[in-house]
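# Structural overview for review
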There are 2 protein chains.
Amino acid sequence: MTTRLAVTYHVHGDAASIEARAQAIAVEQSVEMPLEAIDDPAVLHDIVGEVQSIEPIDDRSFAVRIGLAAATIGNDAGQLLNMLFGNTSLHDDVVLHDVALPAAVESAFGGPHHGVAGLRERVGAHRRALTCSALKPQGLTAERLGVLAERFARGGIDYIKDDHGLADQAYSRFADRVRACAAGVARATQATGHPTRYVPSLSGALNAMRRQIGLARELGIDCVLLAPLIAGFATMQALVAEFPEVAFFAHPSLGGAARIAPPLLIGTLFRLVGADAVIFPNFGGRFGYSPQTCRHLADNARSLRDGMRPSLPVPAGGMTLQRTPELLDFYGPDVMLLIGGNLLMARERLTDETAAFTRAVAAHDYR
Amino acid sequence: MTTRLAVTYHVHGDAASIEARAQAIAVEQSVEMPLEAIDDPAVLHDIVGEVQSIEPIDDRSFAVRIGLAAATIGNDAGQLLNMLFGNTSLHDDVVLHDVALPAAVESAFGGPHHGVAGLRERVGAHRRALTCSALKPQGLTAERLGVLAERFARGGIDYIKDDHGLADQAYSRFADRVRACAAGVARATQATGHPTRYVPSLSGALNAMRRQIGLARELGIDCVLLAPLIAGFATMQALVAEFPEVAFFAHPSLGGAARIAPPLLIGTLFRLVGADAVIFPNFGGRFGYSPQTCRHLADNARSLRDGMRPSLPVPAGGMTLQRTPELLDFYGPDVMLLIGGNLLMARERLTDETAAFTRAVAAHDYR
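Residues numbered from 1 in each chain as written. Chains lettered and ligands numbered in written order. Predicted model: local features only at pLDDT ≥ 70, side-chain atom pairs only at ≥ 80, totals over all residues. Heavy atoms only, no water.

### Some thoughts on the environment of Leu327 of chain B
Residues and elements named next belong to chain B. We apply this condition: Secondary structure elements follow DSSP: runs of H or I of four or more residues count as helices, runs of E of two or more count as strands, with numbering from the N terminus. Only protein chains enter the area calculation, which uses a 1.4 Å probe; residues under 20% of their type maximum are buried, those over 50% are exposed, and those in between are partly exposed. Here a residue-residue contact requires only that any non-hydrogen atoms of the pair lie within 4.5 Å.
The residue Leu327 is located in helix α13 (residues 324–331) in this model. Among the residues examined, Leu327 registers a relative accessible area of 2% and is labelled buried. C-alpha separation for the pair Leu327 and Ala205, spaced 122 residues apart in sequence, amounts to 36 Å. Among all residues touching Leu327, those that are not within four sequence positions of it are Asn282, Phe283, Met319, Gly332 and Leu337.

Have a look at this one:
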């Protein structure tokens, strides 16, 4: 019996052609050649994708479920994405909508090492929602970013992440920035007593990222940020395996380029490859995700799955202090609210504004 | 004077809102925060993206050109993609259409080490178009793939690439497959005298890919295939730098038809990060690219650029032997035609069919 992933694609088309189109996707995402040219019965039976169901969504689109053999993926996260959507991403009538993962695949990947509980533990917050802000703009010197980090931390915030645009640029080298920010946060922590965490953003290829994590670890940092679609899923998977003590924040950069439903990509797949926290564009901000999409994404990140820790959802992207109560009621306490630019607008009052944010989260009375 | 990349986005919208939308993209792809919260004049002047022009395309869309500071990218290929389209990919009203790269950025990346001339040299074909086929289906044992490779090579084909679905699966480990295919091709080469090259597909993270290239090199293999959007641009960049003697074929898997214009992604950017050959879905096959798109893509791959070798375009995806003359007239001789499934359909006559393909290419009289 072949173990299969059940992959749902949303396909534009008409009733007359959908069966042939579904079969073509099943072939494209498995053997990628005419079946009549295959003479091996085991390949035809165990490896070729199978159309499991076709359901109309509306007049012009269908939900097509295709069973793809788990054996074609093994435990390589890059190959997972390749088999789910590699060539079919090149067809503009198809969106990768959802995947039901067999238990064997889930356990082969394993998911987060820390997840919701681990991120709570790091900052000693066991019930309330967590808070986060972002260091920016890029172009500032390492010293100035370090000062910003200190001011955020003096407001009692839980996590301070690098903006995902901060890489290893000449005007602010990774090593200089991380030293300056770690020092700034340490000064604040001594004053506040709150164990604020700084989350540097990784860049470059695997070995550069390893060196960056190594440097961060020497400075006592135990959280990092990376963008799985930029770095490659396999890069993230390798780092998660190699640094089990580090918590990983996943950034959605480039996430829209290939038409993968956000609840699947960010909620399910980022978690699967080990993201402890998943950052995503919240509804009502600068991006077009709906409340339903955000709800579904957060549900996928936090859902109970045998043997897999939940990931912490981190709604972001144009959030404001004023929306804190609304968002806490929407997501509940297992969430990390990320407010960047709106806090930075306070300029010289940054620490006070950050403190107002952390107080609002701590004091919230959930509906 | 800030060196800037001139990035063209195609944006759906109306005349009343396009200026604000263009400005929002310029901010999103640079500092990603409200400008009024930035107090550093150098950041405002040198780092914030600038709207350079807005031109209507039709009633509902505009070409927006934005200047992004080269300093935000440095020479990191992952960061290049992050800055070109990271967050903006999450907005569904925008397509990344084109980039004009300053000479400093082109020389920082450098492009292919071998390109068109190097791929011609490897197989001793200095004028005619080159030929390629694909080993598949996945699910076959290493031994059976080795036999297939031998039969292709006995037909005198130039390059035999692994199907991009072939990874390091339990039913055909990379090491076993590469040994079997290298041996099969070597047997054929001894018989034909033609230096057919086998091009194995890499998978996993950077270190796994390095080991795979190391094994391939031990077996005398000097070409490999990888998918930059699966592996990560920085992974490809690192491998190209580390193995200058190896020729790299780039596969478009996860390339996402709708959001990054294929001539830019596959023709320009894959070349920029070092692809010697770029595989893409040809018009009239299984994918929806138009002849114009393919022409533009091939032009970008082969265009003269100071100090950068051209990449060889490899049209593929449902090609047939019958279309050989048409495609050679369309692309001219600086092309590698890739026919996979259509040759495999010949089954026991595979070598003869391959020989017919190689003869058709060698004998073609260009219009």
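Read on, since the account is not over.
### Observations concerning the relation of the copies chain A and chain B
The following threshold applies: A residue counts toward the fit only if its pLDDT is at least 70 in both copies, and the copies are then superposed by least squares on the C-alpha atoms of those residues.
Laying chain A over chain B is done by rotating through 180 degrees and shifting 0.0 Å along the axis; what remains is an RMSD of 0.1 Å. Seen this way, the second copy is the image of the first under a two-fold rotation axis. Of the interface residues in chain A, 99% have counterparts in chain B that sit at the interface too, so the contact is made through matching surfaces.

### Digging into the sheet that holds strand β10 (residues 277–281) of chain A
All names here are of chain A. Quick note on the threshold: Strand pairing is assigned whenever DSSP detects at least two bridges linking the two strands. To define axes, lines are fitted to C-alpha atoms, for helices over the stretch in contact only, and angles between the resulting N-to-C directions are given on a 0 to 180 degree scale.
Read from one edge to the other, the open sheet built from four strands follows the order β8-β9-β10-β11, with strand pairing classed as parallel. The strands lining the two open edges of the sheet, one partner per strand, are β8 (223–226) and β11 (312–316). Here the strands of the sheet are splayed against their neighbours by 25 degrees on average, with no regard to which way each runs. Its contacts with the sheet put helix α5 (residues 115–122) on β8, β9 (247–250), β10 and β11, and the angle it makes with β9 is roughly 110 degrees.

### Some details on the sheet that holds strand β11 (residues 312–316) of chain B
The strands making up a sheet are joined through hydrogen bonds of the backbone, oriented either antiparallel or parallel. All names here are of chain B. Ordered in space as β8-β9-β10-β11, the four strands form an open sheet in which the pairing is parallel. If you trace the sheet from one side to the other, it starts and ends with β8 (223–226) and β11, each paired once. Geometrically, the sheet is characterised by an average inter-axis angle of 25 degrees between neighbouring strands, direction not taken into account. Across the sheet, helix α12 (residues 291–302) lies against β10 (277–281) and β11, angled at about 175 degrees from β10, the strand it touches most.

### Digging into the confidence of the model for chain A
All names here are of chain A. We apply this condition: pLDDT runs from 0 to 100 and stands for how confident the predictor is about each residue.
Within chain A, residue pLDDT values average 93, and 99% of them lie at 70 or more. By mean pLDDT, the top-scoring element of chain A is helix α8 (residues 206–218) (98), and the lowest-scoring one is helix α4 (residues 103–109) (87). For this predicted complex, the interface confidence comes out at an ipTM of 0.89, alongside a pTM of 0.92.

### Examining the interface of chain A and chain B
Spelled out, the test is: Defined in terms of a 1.4 Å probe, buried area is the accessible area two parts forfeit on being brought together, summed over both. What counts as a salt bridge is simple: a side-chain nitrogen of Lys or Arg found within 4 Å of a carboxyl oxygen of Asp or Glu. In the analysis that follows, any N or O atom pair within 3.5 Å is treated as a polar contact, provided that within protein one partner can donate a hydrogen and the other can accept it, and provided that, for residues neighboring in sequence, both atoms belong to side chains. Three residue categories are used. Nonpolar comprises Ala, Val, Leu, Ile, Met, Phe, Trp, Tyr, Cys and Pro, charged comprises Asp, Glu, Lys and Arg, and polar comprises the others, including Gly.
If you look at the interface, chain A gives 71 residues, while chain B gives 71 residues. Counting the surface lost from both chain A and chain B, the interface buries some 5,900 Å², and carbon and sulfur atoms represent 57% of this. Among the ionic pairs, Asp40 of chain B bridges to Arg144 of chain A, the shortest N-O distance being 3.5 Å. On the surface where chain A and chain B come into contact, there are 30 residue pairs in polar contact (both at pLDDT 80 or more). Broken down by secondary-structure element, the contributors of at least two residues to the side of chain A that touches chain B are α2 (41–47), α3 (77–85), α8, α9 (228–231), α10 (233–242) and α14 (341–344) of chain A. Here the side of chain A that touches chain B gets six residues from one element, more than from any other, and that element is α3 of chain A. Here the residues of the side of chain A that touches chain B sort into 33 nonpolar, 24 polar and 14 charged.

### Digging into the layout of surface pockets
Vacant regions in the atomic arrangement are exposed by a probe of water-molecule size rolled over the atoms. What counts, and what does not: Cavities and pockets are defined on a 1 Å grid built over the protein atoms alone: a cavity is a set of grid points where a 1.4 Å probe fits but cannot escape, while a pocket is an open set with protein on both sides within 12 Å along at least five of seven lines, and lining residues are those with an atom within 4 Å of any such point. Grid points are joined across faces, edges and corners, and a volume is the space filled by probe spheres set on the points.
Approximately 650 Å³ is the volume attributed to the largest pocket. In terms of lining residues, the largest pocket is bounded by 30 residues, among which Val95, Arg259, Ile260 and Pro262 of chain A together with Asp92 of chain B are the most central. Those elements that provide at least two residues to the lining of the largest pocket are β1 (4–12), β4 (94–100), α11 (262–272) and α12 (291–302) of chain A. Counting residues per element, the lining of the largest pocket draws most heavily on α11 of chain A, which supplies four residues. Here the lining of the largest pocket is built from residues that sort into 12 nonpolar, 12 polar and six charged. For the second largest pocket, the calculated volume is near 530 Å³. Surrounding the second largest pocket, 28 residues form its lining, Asn75 and Asp76 of chain A together with Asp168, Gly204 and Ala208 of chain B being those nearest its centre.

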